[in-house]
Amino acid sequence: MSLTIDRDRLMGEIEALALISEAEPPVVTRVVFTPSDLKARAWMRARCQEAGLSVREDAVGNTFGRWNGSDPSAPAVGTGSHIDAIPNAGKYDGVVGVLGGLEAIRALQQSGFRPRHSIELLIFTSEEPTRFGIGCLGSRLLSGTLSAASARKLSDNDSATLDEVRRKAGFAGELEQVKLPQGYYKAFVELHIEQGPLLERQRIPLGIVTKIAAPASLRVSIEGSGGHAGGVLMTDRRDALCAAAELVLAIENAARTSGAIDTVATVGICDVFPGAVNSIPSRVRLTVDIRDTDLQRRDLVMQMIEAACRSISAKREVSVHSELVNADAPADCAPTIIETLSQSCRKHELPFVPMVSRAYHDTLFMARLAPVAMLFIPCRNGYSHRPDEYASPEDIVRGTLVLAETLAALSK
Ligand code: GLV
Ligand code: MN
Ligand code: MN
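Within each chain, residue numbers correspond to sequence positions counted from 1 in written order. By the order in which they are written, chains take letters starting at A while ligands take numbers starting at 1. Only residues with pLDDT of at least 70 get local features here, since the model is predicted, and only at 80 or more are side-chain atom pairs given and counted; chain-wide, interface and lining totals rely on the full set of residues. Where side-chain values are given, they derive from all heavy atoms of the structure, hydrogens and water being excluded.

Side note on the site of ligand 1
Every residue near ligand 1 is listed here: Glu127, Glu128, Arg291, Ala359, Tyr360 and His385. N or O atoms closer than or at 3.5 Å make up a polar contact, with two conditions inside protein: a donor-capable atom paired with an acceptor-capable one, and, for residues adjacent in sequence, both atoms drawn from side chains. Note that an oxygen atom of ligand 1 is positioned 3.4 Å from one of the side-chain N or O atoms of glutamate 127. In this structure, an oxygen atom belonging to ligand 1 sits 3.0 Å away from a side-chain N or O atom of glutamate 128. Here the open area of atoms and residues is found with the Shrake-Rupley method and a 1.4 Å probe, where only the protein chains shown may cover a residue. Here ligand 1, which alone exposes 190 Å², has 93% of that area covered by the protein. Residues are grouped as follows: Ala, Val, Leu, Ile, Met, Phe, Trp, Tyr, Cys and Pro are nonpolar; Asp, Glu, Lys and Arg are charged; every other residue, Gly included, is polar. Residue composition of the shell around ligand 1, grouped by class: two nonpolar, one polar and three charged. In these notes, residues near a molecule or strand are those with any non-hydrogen atom within 4 Å of it.

Topic: the environment of leucine 180
Summarising the element assignment, leucine 180 is placed in the loop between helix 6 (162-168) and strand 7 (185-193). For the pair formed by leucine 180 and isoleucine 119, sequence separation is 61 residues and the distance between their alpha carbons is 16 Å. Ignoring any residue separated from it by four or fewer positions in sequence, one finds leucine 180 in contact with Arg56, Phe64, Leu142, Tyr185 and Leu369. Secondary structure follows DSSP: runs of H or I at least 4 residues long count as helices, runs of E at least 2 residues long count as strands, and numbering of each begins at the N terminus. Contacts were defined at the residue level, with two residues in contact if any of their heavy atoms lie within 4.5 Å.

Let's talk about the domain arrangement of the protein chain
According to the domain assignment, the protein chain contains domain 1 (7-213 + 330-411) and domain 2 (215-327). Residue ranges for the domains originate in an automatic or database domain assignment. Distance from the C-alpha centre of domain 1 to the C-alpha centre of domain 2: 33 Å. Each of two parts loses accessible area, computed with a 1.4 Å probe, when they are put together; buried area is these two losses added. With both chains or domains summed, domain 1 and domain 2 bury close to 890 Å², and 59% of this area falls on carbon and sulfur atoms. If you sort the residues of domain 1 by the area they bury against domain 2, Ala213, Arg358 and Tyr360 come out on top, with a joint share of 48%. Whenever a carboxyl oxygen of Asp or Glu lies within 4 Å of a side-chain nitrogen of Lys or Arg, that contact is scored as a salt bridge. Applying the counting rule to domain 1 against domain 2 returns one salt bridge. One salt bridge in this structure joins arginine 358 and aspartate 262, with 2.4 Å as the shortest N-O distance. A breakdown of the residues in the side of domain 1 that touches domain 2 according to their chemical character gives eight nonpolar, one polar and three charged.

Remarks on the coordination of the manganese ion (ligand 2)
Donor atoms from the polypeptide that coordinate the manganese ion (ligand 2) comprise Asp93 (OD), Glu128 (OE) and His385 (NE2), at 2.0 to 2.1 Å from the metal. With water excluded from the atoms, a metal site may look incomplete; its donors are any N, O or S atoms within 2.8 Å, or within 3.2 Å for Na, K and Ca. Spacing between the donor residues of the manganese ion (ligand 2) along their common chain follows D-x34-E-x256-H. Between the manganese ion (ligand 2) and the manganese ion (ligand 3), a separation of 3.7 Å is found, and both are coordinated by aspartate 93. Residue aspartate 93 is found in the loop between strand 5 (85-89) and helix 3 (95-111), and its partner glutamate 128 is found in the loop between strand 6 (119-124) and helix 4 (137-143); the two are separated by 35 residues along the sequence.

Examining the coordination of the manganese ion (ligand 3)
At this site the manganese ion (ligand 3) is bound by His82 (NE2), Asp93 (OD) and His192 (NE2), with donor distances of 2.0 to 2.3 Å. Positions of the donor residues of the manganese ion (ligand 3), expressed as sequence spacing, correspond to H-x10-D-x98-H.

And the structure:
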């Protein structure tokens, strides 16, 4: 089988999708169920239909483009990723896996290959946590990691519930129907940019993921006492932002001193109330994102953060309340799919390294449903979640070729 990846078509599509955004180019902002997300979905459905795929959407908006195999009752082979993008993002996160997955399918179709197992392209809803505070909404529901009842409790910053927002966006039916049965997929493989610098530094074009790190997140709210920035003496203050500042540094320290470079912790949001120049902050809300490849070590860092919340609360006489948003286990990739990916790399004499995914991906949750693996390509300077994110056409084509061959081998 000889496969041709149409580089110009694929790169043209990546550029075209990037223009469907709430921000001016080169910035991509495409938050789930906003007009730009809905427009991007419609554009993707049209691309899938052009390729002859039958398109289905579930109640939360996960989109499936299916190329029927000769044995339609056999479990499908899945690939795909997400097209939602955090505010101020770039063009490649998620998109490479979706459009690369589509191009892989088209290359297989054009080669005359006929799969026995159907091949399904997935576009997951809300891999990014921007709107509803929790990432991988679509794959959590597909895999049953998040129950429909818990999903119904999610709401956005305007207090609109997920249920209202997704229905308004045109996705009907009950969230209970989203979960797929075990055995629905024979395998799932996701192509993605690395979102870190290791492949580029080592000058290696491909990384085969063996394990996905365990993510967790917390919302912390700190209540102190507000007042006049001139009138209240320093000794009388219970400043919520000063308490938050101590907590942010304690969180950094907990991750830095874990003994492993695989531990990371980030405070990405700090909302200060009332947010006036001459007013003492009375309330602060923080979000905390903690990840590690080792579950015990990640949980130990979380315990250290809880201890810091208690001691800062006592010392500064503020109330500190933390709410767990998610604490997920890591996932291992399947040795058989790792081997199939490796064989394709070897066939094309493409150097590759095994690696850990420090970012989370929908594959983390698909692992609860099926054997999974991921293929990484380099991105410039390791940049991601920023507008100057970049992956070269050569690397994208290489990743797509290896993905296509892997889908072929898995679907025979
Ligand atoms: C995914 O976007 C992540 O935050 O790892
Ligand atoms: Mn992302
Ligand atoms: Mn992503």
